[in-house]
Every structure is written in C-alpha cells, then in structure tokens.
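Commentary on secondary and tertiary structure
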Amino acid sequence: MADAQQDDDRYLVVLNDELQYSIWRSGTDVPEGWRAEGAEGSREECLAHIDRVWTDMRPLSLRRHMEQQGA
C-alpha cells in the first residue's frame, strides 16, 4: 500500500443525492449514484474543500424529514 504522504494522484470531490461528500481518484469513472462536485486537486486539497463545504453531515432525506416534523 502506498504511503498517503507520497500520494501524487489527483482526486475529484464527489457528491451523492443525499448531499454526502467523498473523494474519488481523478481519471476513473465516478461510481453510480455519485457525481463530480467540481473541486479537484490533491487528496489533502479535496479533503480540505469538503471540510469547508460539508457543514451539515445529516443526509438530505433526514434534514427534510426533520424540517417537516418541525413545521
């Protein structure tokens, strides 16, 4: 297994329909159910981007359910 500190690969930030984030190696097919979010870079850059933008880790369906219960 390669050392993460020596990882020169490029990554994409991917997003699913529940607005959950992950990273995926650039140049490979994004898995079904996920789509490229737009950010691309090193593993560390992509994870930093996710830390900035993913402020509510609850799945979208749970957020909607909770909003309906509160209405």
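First, a word on scope: everything that follows refers to the structure included in this document. (Residues numbered from 1 in each chain as written. Predicted model: local features only at pLDDT ≥ 70, side-chain atom pairs only at ≥ 80, totals over all residues. Heavy atoms only, no water.)

1. Section: the sheet that holds strand E1 (residues 11-16)
- The strand order E2-E1-E3 describes an open sheet built from three strands, whose pairing is antiparallel. Since the sheet does not close on itself, it has two edges, and those belong to strand E2 (21-25) and strand E3 (34-41), each with one partner. Looking at each pair of strands side by side, their axes are set apart by 35° on average, direction ignored.
- Here E1 pairs with E3 via five bridges, running antiparallel. (Pairing = 2+ DSSP bridges. Helix = DSSP H or I, 4+ residues; strand = E, 2+ residues; numbered from the N terminus. Axes fitted to C-alpha atoms, helices over the stretch in contact; angles between N-to-C directions.)

2. Let's talk about the nonpolar core
- Membership of the largest hydrophobic core is limited to nine residues, which are Tyr11, Val13, Leu15, Tyr21, Ile23, Ala39, Cys46, Ile50 and Trp54.
- Elements represented by at least two residues in this core include exactly E1, E2 and helix H1 (43-53).
- In terms of residue count, E1 provides more of this core than any other element does, three residues in total.
- When sequence neighbours within four positions are dropped, the list of residues in contact with Cys46 reads Tyr11, Leu12, Val13, Ile23, Glu40 and Gly41. (Core = buried A, V, L, I, M, F, W, Y, C linked by side-chain atoms within 4.5 Å. Buried < 20%, exposed > 50% of the residue type's maximum accessible area, 1.4 Å probe, protein only. Contact = heavy atoms within 4.5 Å.)

3. Here we look at H1
- Turning to H1, its buried residues number three or more, namely Cys46, His49 and Ile50. Taken end-on, H1 shows its buried residues confined to a sector of 100°, consistent with a single buried face. Opposite the buried face of H1, at more than 90 degrees from it, the exposed residues are Asp51 and Arg52.
- Where H1 is buried, its residues meet E1, E2 and E3. (Arc of directions from axis to C-beta.)

4. A closer look at the side chain of Arg63
- Along the chain, the position of Arg63 falls in helix H2 (residues 60-70).
- With sequence-adjacent residues up to four places away left out, Arg63 is seen in contact with Glu18, Leu19, Asp56 and Arg58.

5. Looking at the side chain of Asn16
- Relative to the elements of secondary structure, Asn16 occurs in strand E1.
- Residue Asn16 is classed as buried on the basis of its relative accessible area of 10%.
- Within the local environment of Asn16, its side chain forms a polar contact with the backbone nitrogen of Glu18, the two atoms lying 2.9 Å apart.
- Only 3.0 Å separates the side chain of Asn16 from the side chain of Gln20, close enough to count as a polar contact.
- If near-sequence neighbours (up to four positions away) are discounted, Asn16 is found in contact with Gly33, Trp34 and Arg35. (Polar contact = N/O pair within 3.5 Å; in protein donor to acceptor, adjacent residues only side chain to side chain.)

As far as function goes, none of this settles anything; it's purely spatial.
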